[in-house]
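Chains, contacts and geometry: an overview
Chain by chain, the residues:
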Amino acid sequence: MGRIRSVPLVVVLIALAGVAMLAPALHALTLGKTAIAGVFAQSAFLTVSAALVLGAATQGYRPRNPGQSLIVSLVAAYAVLPPIMAWPVAQVMPAVDFAQAWFEMVSSLTTTGASLLPSGTATPQPVHLWNALVGWLGGLFVLVAAGAILAPLNLGGLEVANPRPVGRPAQTAVAIHGTVDPGQRLVLTLWLVAPAYGALTLALWVGLLLTGETGLPALAHAMGTLSTSGISPTGGLER
């Protein structure tokens, strides 16, 4: 864990994006879509490899202001991750150009939910899963970033109601996390938020399955609800 905190946040996020690509790859394998599985698996390998190279190059980097460094990484994540995430989508769907796939991933990662991809069978199920998964991870990222980065620095809208100077670490952050180190706060907030976020998603997925929704639409709707992205492989609540 200490080694992870010693590299820039955006590098860690790139690695996580690569690992997440294995989910649609495995899903494609279960459907017998080996070509699609190969695209996502190859993208996962290349993404994780690039993250490892970047991690080795930046290992031990110590920014002068860790708080500002995380803010920069936060902004960089929304610039760097969408094109990486869009690459397998553009490869799987030749009718979708890279700019459209990029827009799709920006929309998913920011939990906006706007989509240019056709709903239903016109888009392969693994791509639907990837779209919903990116939105779900984007929602988790926002929650963790808000709790570990923005709130302690009195940013993200909190400065309107809080007279504390913007950018100055709050003492409540020390009381909650036991540390003023931004990297440690990030990890601790993730461990605090992720289990509840995942459990609620699982509970909602099971609930939708019990109401008669099928597997992938139910999972996508559960993830879209928790992340507030509203991403749906069916274009709505159809089963």
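Residues numbered from 1 in each chain as written. Predicted model: local features only at pLDDT ≥ 70, side-chain atom pairs only at ≥ 80, totals over all residues. Heavy atoms only, no water.

**Describing the overall build of the chain**
The helix and strand tally for the chain stands at ten helices and zero strands. The linear arrangement of helices and strands in the chain, starting from the amino end, is α-α-α-α-α-α-α-α-α-α. Across the 239 residues of the chain, 42% fall into the buried class. Considering only intrachain contacts with a sequence separation of at least 6, the fraction spanning at least 24 residues in the chain is 64%. If you sum the accessible surface of the chain, you get close to 12000 Å²; carbon and sulfur atoms cover 70% of it. (Helix = DSSP H or I, 4+ residues; strand = E, 2+ residues; numbered from the N terminus. Buried < 20%, exposed > 50% of the residue type's maximum accessible area, 1.4 Å probe, protein only. Contact = heavy atoms within 4.5 Å. Areas by Shrake-Rupley, 256 points an atom, 1.4 Å probe, with all protein chains shown as cover.)

**Some remarks on the packing of helix α2 (residues 9–20) against helix α3 (residues 22–30)**
Remark: α2 packs on α3, axes separated minimally by 5 Å, with the N-to-C direction vectors making an angle of 5°. It follows that α2 is roughly parallel to α3 by the angle criterion. Counted together, Gly18, Val19 and Ala20 of α2 and Leu22, Ala23 and Pro24 of α3 form the full contact between these two elements. The residue makeup of the contact of α2 with α3, split by class, is five nonpolar, one polar and no charged. (Axes fitted to C-alpha atoms, helices over the stretch in contact; angles between N-to-C directions. Parallel < 35°, antiparallel > 145°, perpendicular 65-115°, else oblique. Nonpolar A, V, L, I, M, F, W, Y, C, P; charged D, E, K, R; others polar.)

**Topic: the nonpolar core**
One recurring pattern in soluble globular proteins is that nonpolar side chains are buried together. Core analysis: the largest hydrophobic core is formed by 49 residues, its most contacted members being Phe40, Leu81, Met85 and Trp130. Mapped by element, the contributors of at least two residues to this core are α2, α3, α4 (34–58), α5 (66–92), α6 (98–109), α7 (125–150), α9 (182–210) and α10 (215–227). With twelve residues, the top contributor of residues to this core is α7. Each residue touching Leu81, except ones within four places of it in the same chain, is listed here: Leu13, Ile14, Ala17 and Leu109. (Core = buried A, V, L, I, M, F, W, Y, C linked by side-chain atoms within 4.5 Å.)

**Points about unusual backbone geometry**
With phi around 60°, Thr111 is a residue other than glycine that occupies positive phi space. Relative to the elements of secondary structure, Thr111 occurs in the loop between α6 and α7. Unlike most non-glycine residues, Thr228 shows phi in positive territory, near 65°. Along the chain, Thr228 falls in the segment after α10.

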